[in-house]
Amino acid sequence: MPPALLNNRYRIIKTLGAGGFGETFLAEDTQMPSSRRCVIKQLKPVANNPQMYNIVRDRFQREAAVLEDLGDGSNQIPRLYAYFSEAGQFYLVQEWVEGETLTRKIDTSGVMSESSVRALLSSILPVLDFVHSKRIVHRDIKPDNIILRQRDGLPVLIDFGAVKETMGTGINSTGNTASSIVIGTPGFMPSEQAAGRPMYSSDLYSLGLTAIYLLTGKWPQELADPLAGEIAWHRHALNVSPSLAAVLDKAIQFSPRERYATAREMLSALQYSGVPISPTPPSPPAGEPTEPTAAVSPRSTQTNTYTSSLGDVQKLAILGSIIGASIIVGLVVARPPQVVVAPIHNTQPRSIGWLRIGAVSKTAGFAYVGDPLIATKQPVTISPPVVPSPGAAVTVTTGVNLRKDMPRKPKYDLPEKVGVLKEGQQIIILKVDYFAESNSAPIAVWAEVGFPN
Ligand SMILES: Nc1ncnc2c1ncn2[C@@H]1O[C@H](COP(=O)(O)OP(=O)(O)O)[C@@H](O)[C@H]1O
Ligand SMILES: [Mg+2]
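The present account deals with the structure reproduced in this document.

Let us now look at the overall build of the chain. A count of helical and extended segments in the chain gives 11 helices and 23 strands. Each of the 453 residues in the chain was classed as buried or not, and the buried ones make up 42%.

End to end, helix α6 (residues 200–216) covers 25 Å across 17 residues, agreeing with the expected 24 Å (1.5 Å per residue, within 8%). The buried count for α6 comes to 16 of 17 residues, which makes it a mostly enclosed element. Phi turns positive, to about 75°, at G217, one or two residues after α6.

Turning next to unusual backbone geometry. In this model, S35 sits at a positive phi of 50°, which is unusual for a non-glycine residue. Within the secondary structure, S35 is located in the loop between β3 (22–29) and β4 (37–43). For S35, a count of 12 C-beta atoms within 10 Å gives the class exposed. For R135, which is not glycine, the phi dihedral falls at a positive 65°. Within the secondary structure, R135 is located in the loop between α3 (114–133) and β8 (146–149).

Here we take up the environment of L121. Tracing the backbone shows L121 in helix α3. Among the residues examined, L121 registers 28 C-beta atoms within 10 Å and is labelled buried. Taking the C-alpha atoms as reference, L121 lies 7.6 Å from A211; in sequence the two are 90 residues apart. When sequence neighbours within four positions are dropped, the list of residues in contact with L121 reads A211 and L270.

Moving on: the site of ligand 1. Surrounding ligand 1, one finds 17 residues, the nearest of these being L16, G17, G19, V97 and D159. Looking at the shell around ligand 1, the elements that each hand over two or more residues are β2 (10–19), β4 and β6 (89–95). Split into classes, the residues belonging to the shell around ligand 1 amount to 7 nonpolar, 6 polar and 4 charged.

Read from one edge to the other, the open sheet built from 6 strands follows the order β1-β2-β3-β4-β6-β5, with strand pairing classed as antiparallel. Either end of the sheet is taken by a strand with one partner, and the two such strands are β1 (5–6) and β5 (80–86). In the packing of helix α1 (residues 50–73) onto the sheet, the strands contacted are β5 and β6, and the crossing angle to β5 comes to about 170°.

One ladder, built from 2 bridges, connects β1 with β2; its direction is antiparallel. Within β2, the residue paired with L6 across the bridge is Y10. Note that β2 and β3 share 8 bridges and pair antiparallel. The residue bridging R11 from the neighbouring strand is E28, located in β3.

Calculation rules
- Residues numbered from 1 in each chain as written.
- Chains lettered and ligands numbered in written order.
- Predicted model: local features only at pLDDT ≥ 70, side-chain atom pairs only at ≥ 80, totals over all residues.
- Helix = DSSP H or I, 4+ residues; strand = E, 2+ residues; numbered from the N terminus.
- Buried ≥ 20, exposed ≤ 12 C-beta atoms within 10 Å, placed from the backbone.
- Expected span 1.5 Å × (residues − 1).
- Contact = placed C-beta atoms within 7 Å.
- Near = placed C-beta within 6 Å.
- Nonpolar A, V, L, I, M, F, W, Y, C, P; charged D, E, K, R; others polar.
- Pairing = 2+ DSSP bridges.
- Axes fitted to C-alpha atoms, helices over the stretch in contact; angles between N-to-C directions.

And the structure:
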């Protein structure tokens, strides 16, 4: 047990965890006016001799610099406030992230929905991409090491394995320093990492199994099918769409060559596999804003003016419920860019604006490419009447206004009108986006479009 005041400064409040490399404490900083809370990770060097102590100290110093850099560069990695050594042990002082780990979240609230898991993956993959861009492999991605931050619901990545490796530094038979310890957690760790050769896609493997845990509540060990040599998880997640299952299956391939090579690649596969919409906040029944159809008659030049179908009180109520639904809001914030971006070809048409193309007949979840479009108060405006993929050529079936953008939270007011499309016109889909404004309204589908070149 460390002294009551560590480094003559940090008062320990409680132990948060204890592992083979030391303990993690919640503490308060007595030298900050607010007695700011912080997390202190105590790291015990495995080899305990003076020569090794110096080597470990140097590596610890380097690793602390890396953690400082990572914490400064991402809002979803705790900041490093300080580091020090005392009584032969090393300490990192980090930002305290108030929230709960994914393990705890599943314990208390049960498994997560596909849309929540998609939102979470889309929010954590850019963080991993950033970590990898610094040439760091996290090496211990698992539900215990991701905290859902209470303040905004964003997932925060903790417990970087590199520092633990420092603590395991020893001298091998050739006299070179070497890490004698494999960092990682059995089950979540791919074989190449267990063999001491972690690569970027090792983190994606662990993230894939983390997502599978969130969807099924089952640990990798419970899902392993030793005869088939694979993780048999589909039968525990019957509600998961084939497209998400395919992304996760690719991430957890045994052979790194068959996985996604980069976090970015996995992120775009996720986004192409189904465009997530924000989870629907509880709100009073309210229709989506009506997008008046432009005069269908090609002769008409009449401009339609839009009036919102929502009263101000209703709008405020919706806004209030959005602010109130903390974890849902978190996921709204955490949700990925909702837009599927078409591959950039030289021939890609220039954007002429956004139009409402129809709705899909569900009130929450995802709209997928190929889902049938339905009419609500407003007609389907394209043919074929399905959610198109970026790049698709479609025909306008009902005259419709073009908008500068699509309606967005919190009010869903219609953006400025920039033109009109007429029946029979050919257009190219550039982006597709969705929203469900309330839990009774169907998901409205919008597309940004251009004319064929
Ligand atoms: N920055 C932090 N903010 C809040 N809680 C943390 C933070 N870092 C760690 N914890 C909590 O302490 C536990 C142990 O810390 P961790 O860094 O994962 O160490 P280890 O797994 O090596 O014991 C975590 O699972 C988490 O519950
Ligand atoms: Mg941990």
